[in-house]
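Each chain, letter by letter, is given below.
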Amino acid sequence: MYADLSVVYTDLRDLLLLADVSTIYTTPVESFSMTTTSPQSATATSNSVSTSTFNTASSSTFTQLTTLKTTITTTFTTRGVTTYTITRTPANVSGPSELYFEVKVNVSIKGHCDPQAILPNWLNMSLPDDLMMVLDLQLLPHTERESFIFQVQVSVQQSDTQEMEDQIRHCLLMPYDNGSVSIATQDVQISRIFVFQCDAETQQTLKGLFQWPSTMGGRYAVCACPKNPQRFAVRLCKLSLSTHWLEPDDEDCPPVVETILDLDTIEVTPENALNVLEMIEDLLRNQSSLMYEELVTVLNKLKVIIRVSVVTPQLGQALINVISDILETNSNLTPFTNTILNITEEVGDMMVGYEGSYTLCARAVAISVVDVVPGQTSSLSFGVLSNWTDMKPEIFINRYPTDGTVAFISLPSVLQKNFAQYGVNQKHPRIQFQFYANPLLFPSHKERPILNTFVVSASVTNGSSPIKDLPEDVTIMLHHLQPNRYDKEVQCVYWNFNKNNGNGDWDDHGCRKYNSTAGNTTCLCNHLTHFGVLLDVSRTQLDPANEQILTIITYAGCGVSSLFLGITLLTYMAFEKLRRDYPSQILINLSLALLGLNLVFLLNSWLSSWGLYGLCVAAASMLHYFLLASFTWMGLEAINMYFALVKVFNVYVPSYILKFCALGWGIPLVICVTVLIVNRDAYGGQLYTDADSTLKPLDNSDTFCWLQDDVTFFVSVVAYAGLICLFNIGVFVVVLIQIRRMRFNSPAGTRRGLLQDLKGVASLTFLLGLTWTVGFFTWGPARVVLLYLFSGLNTLQGLFVFLFHCLLKENVRKQWRAYLCFGRFRLDENSEWSNSASVRVLAKPKEKRSRAAVPSVRSVNSNSTESTSASSDSSQRDSFCKRPNLDLFVNSVVLPQAQTGATDTQALSFYKEMNLTSG
């Protein structure tokens, strides 16, 4: 309005009028004393906001309510309809002589003009100004012709409706031509308005309680703001065939209810119940989660609304909308599951104002109520179509389920026996169906089974007895949220309100599985309640907080291990003297397998985000391969240690390292290829289980490519790792026994301290992968603690390999100093290597001994220390007597070599010599 009044006005005599904007104030009134006639030459100055005036009769003086600092806009646009609101009433006409009509007109306009400017002027000229007054003008969306609707008030002494309609039609059908613009009228539709005022109404909003008085159609009502009476809210009574209140304009009013907890101050009455629900919806709209106290407040308000109000379909839909909003938040609903279920069921039980059946539907919950007549209903079914998008679920009654059905329940005809006898003063029996699209409402308090379906329920209102132990079963079909392609155990259950100390939990009494496929499960139950299907998962997910922390630990540990494994490999590959003996060569292969395992694990999620099924299978199979290779090389480390420490003088294996490489890299390859041949679908991501193509979309970048078949997982991973861990534990125990035996038999002064022994034990523990055994005990009360221990130790295995076999190994440090250091830190290579620890400086074998004198695989003379040589140098000189040695362990762990079956004197002599040469 400010914009309209401030526009420069020029009349026919070229007089200019300019308003001072600072002096413009608007005052809402109930009636006008007089009106003016807009000049024909006046045009609208804005397409978005314009005012039009029409010829009207004079009226009585008006009562000024108050001066507002806000603007009441006389033009607004809704859904493409431009509305010109005019509020004037002739004062010389009493109530009985007023007629109200709504007129819809199509016009054809020829000539260049703005319809918003020419149509008000045309109506002003066409209708007689002493009898008719246009109250409202609405321009309809553009079509081939201009269309508009307006309301007209007719002042007559004798109310002859037909005569007035004919006069209005005659005036509008008269041609109009002002020389530049011509208007032709078509399709004039005139309807009598019988209700031309809005009744008084009490409205409860976030801005407070407003008492809107009875107001004539086309006028504004004004109310002071409850919190600040100096400000005002206005509300238009929209005149139409169904005259009604529009939404109030209360922008200037400060809110009275700002938080959910402020609802406790609101008193719920039958009149404001719907308004309170709208307030709750407004407060929940911006809430991502609700605290415990907020949930208590909202649910208590819902209970009060149901108790004090008549639950009409409109009120019931508002209640269901609020419940759906609660279910869509990330709130802890566990303590309120029973309360929410009872409130939802009470809505269906108390609803009135419909005939036959009615459905209330929101995104997260839906209910259908059906009134039945005993003896006239043989069976009844309820189904829900797909709810995979943000759209509301589609409900169908008594229809066979089709593709896309996510929940279906069919009641047997024998259920009629539980209906109460219908009398004159008795209500019809009512069957209520409920559907819940948020499985998080139903927490499972067991560790392994999880809810894998939506939840559907059925109940009988006004039943003669509890619905249980039915001779015919209730049939329930539920679609799996996570496809059960590998026939994991499923369980048909119902929600028992009395379990878990009254908080409710799943129970299987009276329910059994009829059949189950990858996509859905059909259950049979002999009672009515809330039904679901639990999936027994073997690798149960943790709670989100611990899962996130473990993920961070795992990725960080794998990254650190990858770095130090790379340093270890570079060290041993760069310095030829470090990789001469068998233990060093085995260590190189083990480090390579662990490095591949860590790198593939780190890249797995990124590879899965590409959305290619084939790439995900490749990532999963590579992760499987390197995991098996790591375990295999740990087992080969134990075998080499057993040969070197236990079978010292009686084992010779030709092509020792080549055979180890064939086993270490070949066995995992055979296992992975076998899995791909037998069941290729065992590899992949969770979202691939129902796909058939070789290139399938991956919609979730968080999907991890790994083994999806539990049988394959337990056989090829758990069992394989378990066997290797058991063997390594056995070798580890034998080594400890040999260490203890040699310590007791060692001469005085050669025994090492406890710290060195602990260092040796720790080195063997990580080298043999004994920390992986912790994974077999990650269940029960200590599961979370053991998972943290398992993740920390095993992801850092590469770091510990570097620590014990590079950083703490003397000959490796000397090689670093010889080739990587400068100045006074540099070490001469010859002096360094001559003093390095090696078992080869023990008693030398007779170099000129004939090869033919010793068979290739035969026991060697145990009474001589000549056969204790195991270094690469001596093995090159005496190739016929090659065997594994513990040079790596001697230098890093300082373990004694024991001779099986040797005398104590020989063992002590051997142990003394080894210690003297170990540095």
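Source: prediction; values computed, not measured.

1. Observations regarding the overall build of the chain
Across its full length, the chain carries 20 helices and 32 strands. The buried share among the 919 residues of the chain stands at 49%. Split by element, the accessible area of the chain, about 44,300 Å² in all, is 56% carbon and sulfur.

2. Section: unusual backbone geometry
Positive phi is not limited to glycine here, since asparagine 398 has a value of about 55 degrees. Following the sequence through the fold, asparagine 398 ends up in the loop between strand 20 (395-397) and strand 21 (405-411). A positive phi angle, near 55 degrees, is found at asparagine 500, a position not held by glycine. Among the secondary structure elements, asparagine 500 is positioned in the loop between strand 26 (490-496) and strand 27 (505-507).

3. Some words on the sheet that holds strand 28 (residues 511-516)
Here we have six strands laid out as an open sheet, ordered 20-19-21-25-29-28, and antiparallel in their pairing. Strands at the two margins of the open sheet, each flanked by one partner only, are strand 20 and strand 28. Each strand of the sheet is rotated relative to its neighbour by a mean of 15 degrees, with strand direction disregarded. In this structure, strand 19 (residues 380-385) lies alongside strand 20, joined through three bridges in antiparallel fashion. Considered in strand 20, the bridge of glycine 383 is made with phenylalanine 396.

4. A short note on helix 14 (residues 783-795)
Side chains three or four residues apart in an α-helix point the same way, a direct result of the helix having 3.6 residues per turn. Between its first and last C-alpha, helix 14 extends 18 Å over 13 residues, near the 18 Å set by a 1.5 Å rise per residue. Among the residues of helix 14, those classed as buried are Leu787, Ser791, Asn794 and Thr795. Buried residues of helix 14, seen end-on, are gathered within an arc of 90 degrees and therefore sit on one face of the element.

5. Structural notes on the packing of helix 6 (residues 313-327) against helix 7 (residues 337-350)
At their nearest, the axes of helix 6 and helix 7 sit 10 Å apart, and the two run at 160 degrees to each other. Comparing their axes, helix 7 and helix 6 come out roughly antiparallel. The element helix 6 and its partner helix 7 pack so that their crossing is left-handed. For the pair helix 6 and helix 7, contact is made by Gly316, Leu319, Ile320, Ile323, Ile326 and Leu327 and by Ile340, Ile343, Thr344 and Val347, respectively. Tallied by class, residues from the contact of helix 6 with helix 7 come to eight nonpolar, two polar and no charged.

6. A look at the pairing of strand 19
Buried residues dominate strand 19, accounting for six of its six residues. Covered by surrounding structure in strand 19 are Leu380, Phe382 and Val384 together with Ser381, Gly383 and Leu385, the residues of both alternating faces. As paired strands, strand 19 and strand 21 are joined by six bridges and run antiparallel to one another. Pairing of phenylalanine 382 across the sheet is with isoleucine 409, part of strand 21.

7. With respect to helix 4 (residues 273-284)
For helix 4, which comprises twelve residues, the first-to-last C-alpha distance of 17 Å matches the rise-based estimate of 16 Å (1.5 Å per residue) to within 8%. Turning to helix 4, its buried residues number three or more, namely Ala273, Asn275, Val276, Leu277, Met279, Ile280, Leu283 and Leu284. At its buried positions, helix 4 is contacted by strand 11 (201-205), helix 5 (292-308) and helix 6.

8. Describing the side chain of aspartate 507
Tracing the backbone through its elements, the reader meets aspartate 507 in strand 27. Buried within the structure, aspartate 507 lacks any salt-bridge partner; its nearest side chain of opposite charge belongs to lysine 499, at an N-O separation of 4.6 Å. A distance of 3.2 Å separates the side chain of aspartate 507 from the side chain of asparagine 496, its partner in a polar contact. With residues up to four places along the chain from it excluded, the contact list for aspartate 507 reads Val493, Tyr494, Asn496 and Lys499.

9. Here's the deal with the nonpolar core
Ranked by size, the top nonpolar core spans 59 residues in total, and within it Phe631 and Trp633 carry the most contacts. Of all the secondary structure elements, the ones that give two or more residues to this core are helix 8 (544-574), helix 9 (582-608), helix 10 (613-645), helix 11 (656-678), strand 32 (706-707), helix 12 (710-745), helix 15 (797-807) and helix 16 (810-820). Per-element accounting of this core gives the leading share, 16 residues, to helix 10. Leu299, Ile305, Ala318 and Val493 belong to the second largest nonpolar core, which has 52 residues in total.

10. Overview of the packing of helix 15 against helix 16
Axis separation between helix 15 and helix 16 bottoms out at 6 Å; the angle between their running directions is 75 degrees. Between helix 15 and helix 16, the angle falls in the class roughly perpendicular. Of helix 16, the residues touching helix 15 (which contributes Phe802, His805, Cys806 and Leu807) are Val812, Arg813 and Trp816. Across the contact of helix 15 with helix 16, the residue classes break down as five nonpolar, one polar and one charged.

11. Examining the packing of aromatic side chains
Tallied over the entire structure, the rule returns 30 aromatic pairs. Aromatic pair tryptophan 212 and tryptophan 245: ring centres 6.3 Å apart, planes at 40 degrees, arrangement tilted. Here tryptophan 245 lies in strand 16 (residues 244-245) and tryptophan 212 lies in strand 12 (residues 208-212), a separation of 33 residues in the sequence. Each residue in the set Tyr582, Tyr642, Phe643, Tyr656 and Phe660 is aromatic and connected to the rest through ring pairs, giving one cluster.

12. Description of the side chain of glutamine 434
Looking at the secondary structure, you find glutamine 434 in strand 22 (residues 430-436). Among the polar contacts made by the side chain of glutamine 434, one reaches the side chain of glutamine 432 at a distance of 3.1 Å. Contacts of glutamine 434, omitting those with residues within four sequence positions, involve Leu341, Thr344, Glu345, Ala366, Ile367, Phe382, Val455, Val456, Ser457 and His530.

13. Observations concerning the sheet that holds strand 16
In space, the three strands of this open sheet follow the order 14-15-16, with antiparallel pairing throughout. Two strands lie at the open edges of the sheet, namely strand 14 (220-224) and strand 16, each paired on one side alone. Bridge count between strand 14 and strand 15 (residues 232-238): five bridges; the pairing is antiparallel. Across the sheet, residue alanine 221 finds its bridge partner in strand 15, namely arginine 235.

14. Quick notes on the environment of aspartate 187
Structurally, the position occupied by aspartate 187 is in strand 9 (residues 182-193). Overall, the relative accessible area of 45% leaves aspartate 187 in the partly exposed class. Taking the C-alpha atoms as reference points, aspartate 187 and arginine 169, separated by 18 residues in sequence, lie 9.8 Å from one another. A polar atom in the side chain of aspartate 187 sits 3.3 Å from the side chain of asparagine 106.

15. Structural notes on the pairing of strand 5 (residues 98-110)
One ladder, built from ten bridges, connects strand 5 with strand 7 (residues 146-155); its direction is antiparallel. The residue of strand 7 that forms the bridge with glutamate 102 is glutamine 151. As paired strands, strand 5 and strand 9 are joined by ten bridges and run antiparallel to one another. By the bridge assignment for strand 9, serine 108 is matched with alanine 184.

16. Description of the confidence of the model for the chain
The pLDDT averaged across the chain works out to 74; a share of 71% of its residues lies at or above 70. Put simply, helix 18 (residues 872-877) is where the chain has its lowest mean pLDDT, 34, and helix 6 is where it has its highest, 95. Long-range and interchain partners of residues 29-96, a stretch whose pLDDT sits below 50, account for 165 contacts in this model, where long-range means more than four residues apart. pLDDT under 50 marks residues 832-919. Its contacts with residues more than four places away, or in other chains, come to 171 contacts.

17. Thoughts on the state of the cysteines
Across all of its chains, the model carries five disulfides by this definition. Here cysteine 198 pairs with cysteine 237 through a disulfide, and the sulfurs are 2.1 Å apart. Disulfide cysteine 198-cysteine 237: the torsion about the S-S bond is 90 degrees, which places it as right-handed. Of this pair, cysteine 198 sits in strand 10 (residues 197-198) while cysteine 237 sits in strand 15, and the two are 39 residues apart along the sequence. The two residues cysteine 198 and cysteine 237 agree in class, both being buried. In this model cysteine 225 forms its disulfide with cysteine 253; the gap between the sulfur atoms is 1.9 Å.

18. Overview of the environment of leucine 295
Take leucine 295: it is sitting in helix 5. Judged by its relative accessible area of 2%, leucine 295 falls in the buried class. The spatial distance from the C-alpha of leucine 295 to the C-alpha of leucine 261 is 9.4 Å, given a sequence separation of 34 residues. The contact partners of leucine 295, leaving out residues within four places of it in the chain, are Leu290, Ile326, Ser331, Asn332, Leu333 and Phe336.

Criteria and thresholds
- Residues numbered from 1 in each chain as written.
- Predicted model: local features only at pLDDT ≥ 70, side-chain atom pairs only at ≥ 80, totals over all residues.
- Heavy atoms only, no water.
- Helix = DSSP H or I, 4+ residues; strand = E, 2+ residues; numbered from the N terminus.
- Buried < 20%, exposed > 50% of the residue type's maximum accessible area, 1.4 Å probe, protein only.
- Areas by Shrake-Rupley, 256 points an atom, 1.4 Å probe, with all protein chains shown as cover.
- Pairing = 2+ DSSP bridges.
- Axes fitted to C-alpha atoms, helices over the stretch in contact; angles between N-to-C directions.
- Expected span 1.5 Å × (residues − 1).
- Arc of directions from axis to C-beta.
- Parallel < 35°, antiparallel > 145°, perpendicular 65-115°, else oblique.
- Left-handed = near helix turned anticlockwise from the far one by under 90°.
- Contact = heavy atoms within 4.5 Å.
- Nonpolar A, V, L, I, M, F, W, Y, C, P; charged D, E, K, R; others polar.
- Lys, Arg positive; Asp, Glu negative; His and termini not counted.
- Salt bridge = Lys/Arg side-chain N within 4 Å of Asp/Glu carboxyl O.
- Polar contact = N/O pair within 3.5 Å; in protein donor to acceptor, adjacent residues only side chain to side chain.
- Core = buried A, V, L, I, M, F, W, Y, C linked by side-chain atoms within 4.5 Å.
- Phe/Tyr/Trp six-rings, centres within 6.5 Å; stacked < 30°, edge-to-face > 60°.
- pLDDT = per-residue confidence, 0-100.
- Disulfide = S-S within 2.5 Å.

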